[in-house]
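Spelled out, the chains give:
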Amino acid sequence: MKYIFENGNSKDQQKKTNNSKYTLWMNSILRRSKEIGKVELPICSIILDERGRCIGRGVNKRNINKDPLGHAEIMALRQASLIKNDWRFNECTIITNLEPCTMCSSALIQARMGKVIFGAYDKKRGGLGGSIDLSIHESAHHKMEIIGGILEDECSQTLQIWFKKLRTQK
Ligand SMILES: [Zn+2]
């Protein structure tokens, strides 16, 4: 499967582009994910404003809050919208270690997110190309810039280790 991004690059070409500023953030997201991984699926998201300042951070809190909407991206959006005092995110960037699911992808479109940066692709539930690409669906009234595969191996590995642990605990 070949992922084509808005700028026309294939996944391989995309990987080669210099995304070092996102790599730094992704490393910090991975560290936080591993901490939350003791009780939740290890997913963390941050939102940066137009000047690159972090205005929202969220971790998966589905179990802790008994909340089906408690995905990291939604939590980060809620915090950032309080700080921004706005629901529009056109000039913002969200960075997350796993490709957003269909619920979160829709929420990001609704929030008019400027850029979406993610690590691992989710071939089963990904809403931005891994399984279905909602960003190019005719229902998407807002176009987002999407870059996937930042620290892809590290991000996939963190999740694989977590699922393996879960299976051995059962
Ligand atoms: Zn989600």
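Located above this text is the structure these notes cover.
For clarity, every value in this text was computed on a predicted model and none was experimentally measured.

A few points about helix H2 (residues 20–36)
1) Next: The end-to-end C-alpha distance of H2, which contains 17 residues, comes to 25 Å, matching closely the 24 Å that a straight helix rising 1.5 Å per residue would cover.
2) Next: Restricting attention to buried positions, one finds in H2 the residues Tyr22, Trp25, Met26, Ile29, Arg32 and Ser33. When H2 is viewed along its axis, its buried side chains cluster within an angular range of 125° and face the same direction. Residues of H2 that are exposed and point over 90 degrees away from its buried face: Ser20, Leu24, Arg31 and Glu35.

A closer look at unusual backbone geometry
1) Next: Its identity as a non-glycine residue notwithstanding, lysine 66 has a phi of 50°, on the positive side.
2) Next: Note on placement: lysine 66 falls in the loop between helix H3 (62–65) and helix H4 (72–84).
3) Next: Note on lysine 66: 8 C-beta atoms within 10 Å, which makes it exposed.
4) Next: Residue leucine 151 is not a glycine yet carries a positive backbone phi of 50°.
5) Next: Among the secondary structure elements, leucine 151 is positioned in the loop between strand E5 (145–147) and helix H6 (152–169).
6) Next: On the neighbour-count criterion, leucine 151 (21 C-beta atoms within 10 Å) is buried.

Thoughts on the nonpolar core
1) Next: Grouped together as the largest cluster of nonpolar side chains are 40 residues, with contacts concentrated most on Ala76, Ile94, Ile95, Leu108, Met113 and Val116.
2) Next: Breaking this core down by element, the ones donating at least two residues are H2, strand E1 (44–48), H4, strand E3 (93–98), helix H5 (102–110), strand E4 (115–120) and E5.
3) Next: Broken down by element, this core gets its largest block of residues, six residues, from H4.
4) Next: For methionine 113, the residues in contact, after removing those within four places along its chain, are Phe89, Cys92, Ile94, Leu108 and Met144.

Here is what the cut-offs are and how they apply
- Sequence order as written defines residue numbering, which begins from 1 separately in each chain.
- Note on the predicted model: pLDDT of at least 70 is required for a residue's local features to be given, and 80 or more for side-chain atom pairs to be given and counted; whole-chain, interface and lining totals, by contrast, use all residues.
- Secondary structure elements follow DSSP: runs of H or I no shorter than four residues count as helices, runs of E no shorter than two count as strands, and numbering proceeds from the N terminus.
- Expected helix span is taken as 1.5 Å per residue step, with the number of steps being one fewer than the number of residues.
- Residue burial is a threshold on neighbouring C-beta atoms within 10 Å of the residue's own C-beta, all placed from the backbone, with 20 or more meaning buried, 12 or fewer meaning exposed, and counts in between meaning partly exposed.
- Picture the helix axis, draw a direction to every C-beta atom, and the arc is the one those directions span.
- The nonpolar core is taken to be a set of buried Ala, Val, Leu, Ile, Met, Phe, Trp, Tyr and Cys residues joined by way of C-beta atoms within 7 Å.
- Contact between residues is assigned whenever the C-beta positions, reconstructed from backbone atoms, fall within 7 Å.

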